[in-house]
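Read off the chains here:
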Amino acid sequence: MHKKEPFNPIPFMSGNFSQTVFGSLFNLNLFLNSKTEYVRLDDGDLVTLEIVTPKNWKPTDHTVMLVHGLCGSHKSPYLIRMAKRLTRMGIRSVRMNLRNCGSGKGLAKHFYHCGLSGDIGACLKHLKKKNPNSPTVLIGFSLGGNLVLKLAGELGSEAHKYMDQTYAVSPPIKLVSSMRLLSHPNNKMFHQYFIRHLVSDVYQLHNSFPELETITFPNDLSILDFDELYIAPRIGYSSAFEYYQKSSAIHVVPDIKIPCKILFAEDDPIIDHNDIDGVPLPKNVEIFKTDRGGHLGFLGVPNSTYGFRWMDGLLISWIKQFVKNTI
């Protein structure tokens, strides 16, 4: 089901560039105490979970697991904002760090990428083993959105064992489309930001594990080059395009069996919202689109229904409805 979601952006920040850039700013008081838990993956790598458990939370109460995007971590502002709001609601929040991100730096020999949906599954299993009766929502942002959708589709009817609902915000469900958009001259600033951080993370990884072969990148590296030279060969693919094909959630979204909500902004500079059009979706998968919002921006008029942080408010409204239906 497709639905047009009304969103009123701040008038002087209505463009997709300003929504995207300023959406990452104006974040005050981003410190958040949490307990670090470690999850051992099948290949021996470790990832970390940053867990905030509200006072009086019981094992039968709700859990929301949040997965960050490219070059993000548990410290990403949108994850911290959500965790704080969830804590006030009495809901346990779990911010997952993808491999070598956040508090998991130096703990994984392999680099994270868009196809590692199994890592998300391992973390959900870890949580369910400890608290099997906690109703759970899984939320992914950007790259994390592709991962949670891919996992839900791959699990099919088995997904309900680990999560009750899943939401994705601005997910690159067709990776080749996002690569091409990110490589467009209009997105040079975003492209350079990601490349700079990715290269730095790779060098840091290789410094942490001296047994890994030495790697050097050309000065004019592109996202496509990075995936072609580094990601694809290390995960057994012949090219970046094979990696994009195999790792895109678009192929398994029709197989999702649990309630699922996906949010796109039609003016997102690096995600093509049209990719989902024409995909045969089951009734339990709902698509929400806004005219504006940029990439993870969604800065709304303060007195609107979901407030200045419109994206956060919408997600919280979805979670509240889930909680209401499962009490």
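Notes on the structure in this doc start here. Here the structure is a predicted model, which is why all the values come from computation and not from measurement.

Rules used in this analysis
Residues numbered from 1 in each chain as written. Predicted model: local features only at pLDDT ≥ 70, side-chain atom pairs only at ≥ 80, totals over all residues. Heavy atoms only, no water. Pairing = 2+ DSSP bridges. Helix = DSSP H or I, 4+ residues; strand = E, 2+ residues; numbered from the N terminus. Axes fitted to C-alpha atoms, helices over the stretch in contact; angles between N-to-C directions. Contact = heavy atoms within 4.5 Å. Buried < 20%, exposed > 50% of the residue type's maximum accessible area, 1.4 Å probe, protein only.

1. Brief notes about the sheet that holds strand β2 (residues 35-40)
Here comes step 1: Read from one edge of the open sheet, 9 strands run β1-β9-β8-β7-β6-β4-β5-β3-β2, paired in mixed fashion. Sheet topology places β1 (2-4) and β2 at the edges, where each strand pairs with a single neighbour. Put simply, the sheet's adjacent strands are angled 20° from each other on average, direction ignored.
Here comes step 2: For strand β4 (residues 63-67) and strand β6 (residues 136-141), the ladder comprises 5 bridges, and the chain directions are parallel. Bridge pairing links Val 67 to Gly 140 in β6.
Here comes step 3: On the sheet, helix α2 (residues 77-88) packs against β3 (46-52), β4, β5 (92-96) and β6 and is oriented at approximately 175° with respect to β4.
Here comes step 4: Helix α4 (residues 143-155) rests against β4, β6, β7 (165-169) and β8 (260-265) of the sheet, and its axis sits at about 135° to β6.

2. Regarding the pairing of β8
Note on strand geometry: in a regular strand, side chains alternate between the two faces of the sheet.
Here comes step 1: In terms of burial, β8 is largely enclosed, as 6 of its 6 residues are buried.
Here comes step 2: Side chains Cys 260, Ile 262 and Phe 264 of β8 all project onto a buried face; the interleaved residues Lys 261, Leu 263 and Ala 265 project onto the opposite face, where all are buried too.
Here comes step 3: Bridging between β7 and β8 involves 4 bridges; their strand directions are parallel. Of the residues in β8, the one forming a bridge with Ala 168 is Ile 262.

3. Brief notes about the pairing of strand β9 (residues 285-290)
Here comes step 1: The element β9 is largely enclosed, with a buried count of 6 among its 6 residues.
Here comes step 2: For β1 and β9, the ladder comprises 3 bridges, and the chain directions are parallel. For His 2, the partnering residue across the bridge sits in β9 and is Ile 287.

4. Observations regarding the environment of Val 64
Here comes step 1: Checked against the element boundaries, Val 64 lands in strand β4.
Here comes step 2: Assessed through its relative accessible area of 1%, Val 64 is described here as buried.
Here comes step 3: Between the C-alpha atoms of Val 64 and Ile 51, which are 13 residues apart in sequence, the distance is 9.9 Å.
Here comes step 4: Look past the residues within four positions of Val 64 in its chain and what remains in contact with it is Leu 86, Ile 91, Arg 92, Ser 93, Val 94, Val 137, Ile 139 and Ile 319.

5. Digging into the side chain of Glu 5
Here comes step 1: The topology assignment puts Glu 5 in the loop between β1 and α1 (16-23).
Here comes step 2: By relative accessible area, which is 9% here, Glu 5 ends up buried.
Here comes step 3: Glu 5 has contacts with Phe 288, Lys 289, Thr 290, Tyr 306, Trp 310 and Leu 314, leaving out every residue within four places of it along the chain.

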